[in-house]
Amino acid sequence: LHLLTVDQQKGAMYSFDGGATWNASTGITSDMGFGVGVELAMSPVDPTLVFAGVDKAGGTVFVSHDGGVTFAEMPGSPAYCSGQCYYDNSVLADPVDPNVVWLGGSLCGIWKSENALAAAPTWVNVSAKSQNCGVQSENWAEGFVHPDVHALAVVPGVSSHLYAATGGGTARTVDAGLTWERLNSGVATIQFYAVCVDPNDAEAVYGGAQDNGSSMR
């Protein structure tokens, strides 16, 4: 049984005997910040193919072609979890096409590569308006998916249908990232950090939320 995990001291680790013994992968070193942010994704199509999102330079993707024994940095990966790889770092290998990889991160939401195994992979910010989050992420507020993507999941058997769990609820695409829909109707997704009551009106309550502005009741 082939298993993968992440150790805060040793980084990515692999086992080929169901967890009886473990070995540290090579190619991902401690100075890359794996103690706070490494995400692993094994390809369902080819278990020797493993992708790793690492807290290096705001988010860097590594790839292994031997089941996680060795990793090499993929050129051109976006800084998808910049400043928050410890908090929102998601990597998903497509269940049908080994060339397709999804990344979920901070301000700019979700990225996708359709040629991840090429010598020079290209990445598209599929959740940003016009696929452009801006040079300094200045267009993030216009994105179709809320920032802080914590998890990604594909519908089994329908790889064009993907769900994203974010800091502002759940989003879905049914066309491989071309369009997005937020699925938060009737769901309480706001996390409040502060609350106060109007001193002149006990019925007026204000709340400051995590990445979701302010609300009044």
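Computed from a prediction, not measured in an experiment: that's the story for all the values here.

Helix and strand counts for the protein chain stand at zero helices and 17 strands. With respect to the three principal axes, the spread of C-alpha positions in the protein chain is 65 × 35 × 35 Å. In the protein chain, buried positions account for 40% of the 217 residues. Counted over contacts in the protein chain with a minimum sequence separation of 6, partners at least 24 positions apart contribute 36%. If you sum the accessible surface of the protein chain, you get close to 10,900 Å²; carbon and sulfur atoms cover 54% of it.

Glancing now at the layout of surface pockets. Of the volumes computed, that of the largest pocket is approximately 150 Å³. Looking at the largest pocket, the residues that line it are Ala79, Tyr80, Ser82, Gln84, Ser106, Leu107, Cys108, Trp111, Cys133, Gly134, Val135 and Ser137. Of the residues assigned to the lining of the largest pocket, the class counts are seven nonpolar, five polar and no charged.

The next point concerns the environment of Val96. The residue Val96 is located in the loop between strand E8 (90-93) and strand E9 (101-104) in this model. When its relative accessible area of 55% is taken as the criterion, Val96 is described as exposed. Residues within four places of Val96 in sequence aside, it is in contact with Val45 and Ser159.

Looking now at the sheet that holds strand E6 (residues 60-64). Taking strand neighbours across the sheet as the criterion, the four strands line up as E4-E5-E6-E7 in an open arrangement whose pairing is antiparallel. Only two strands of the sheet have a single neighbouring strand rather than two, namely strand E4 (38-42) and strand E7 (72-73).

When strand E15 (residues 192-197) meets strand E16 (residues 205-209), the two strands line up antiparallel, connected through five bridges. Looking across to E16, one finds that Ala194 is bridged to Gly208. One ladder, built from three bridges, connects E16 with strand E17 (residues 214-216); its direction is antiparallel. Following the sheet pairing, Gly207 is matched in E17 by Ser215.

A few words on the side chain of Ser106. Mapped onto the secondary structure, Ser106 falls in the loop between E9 and strand E10 (110-113). Look at Ser106 and you get buried, because its relative accessible area is 6%. Here the side chain of Ser106 touches Ser82 through a polar contact of 3.4 Å, landing on its backbone nitrogen. Once you skip the residues sitting within four places of it in the chain, Ser106 turns out to touch Tyr80, Cys81, Ser82, Gln84, Asp88, Pro147 and Asp148.

This next bit is on the state of the cysteines. The tally for this structure, following the rule as stated, stands at two disulfides. Covalent S-S linkage joins Cys81 and Cys85, the inter-sulfur distance amounting to 2.1 Å. The chirality of the disulfide connecting Cys81 with Cys85 is right-handed, given an S-S dihedral of about 80°. Put simply, Cys108 and Cys133 are joined by a disulfide, and their sulfur atoms are 2.0 Å apart.

This brings us to unusual backbone geometry. In this model, Asp148 sits at a positive phi of 65°, which is unusual for a non-glycine residue. Residue position: Asp148 is located in the loop between E10 and strand E11 (149-155). The backbone of Ala176 shows a phi angle near 65°, a positive value even though the residue is not glycine. By secondary structure assignment, the location of Ala176 is in the loop between strand E13 (169-173) and strand E14 (181-182). The partly exposed category is assigned to Ala176, whose relative accessible area is 24%.

Conventions adopted
Residues numbered from 1 in each chain as written. Predicted model: local features only at pLDDT ≥ 70, side-chain atom pairs only at ≥ 80, totals over all residues. Heavy atoms only, no water. Helix = DSSP H or I, 4+ residues; strand = E, 2+ residues; numbered from the N terminus. Buried < 20%, exposed > 50% of the residue type's maximum accessible area, 1.4 Å probe, protein only. Contact = heavy atoms within 4.5 Å. Areas by Shrake-Rupley, 256 points an atom, 1.4 Å probe, with all protein chains shown as cover. 1 Å grid on protein atoms, 1.4 Å probe; cavity = no way out; pocket = protein on both sides within 12 Å on 5 of 7 lines; lining within 4 Å. Points joined across faces, edges and corners; volume = space filled by probe spheres on them. Nonpolar A, V, L, I, M, F, W, Y, C, P; charged D, E, K, R; others polar. Pairing = 2+ DSSP bridges. Polar contact = N/O pair within 3.5 Å; in protein donor to acceptor, adjacent residues only side chain to side chain. Disulfide = S-S within 2.5 Å.

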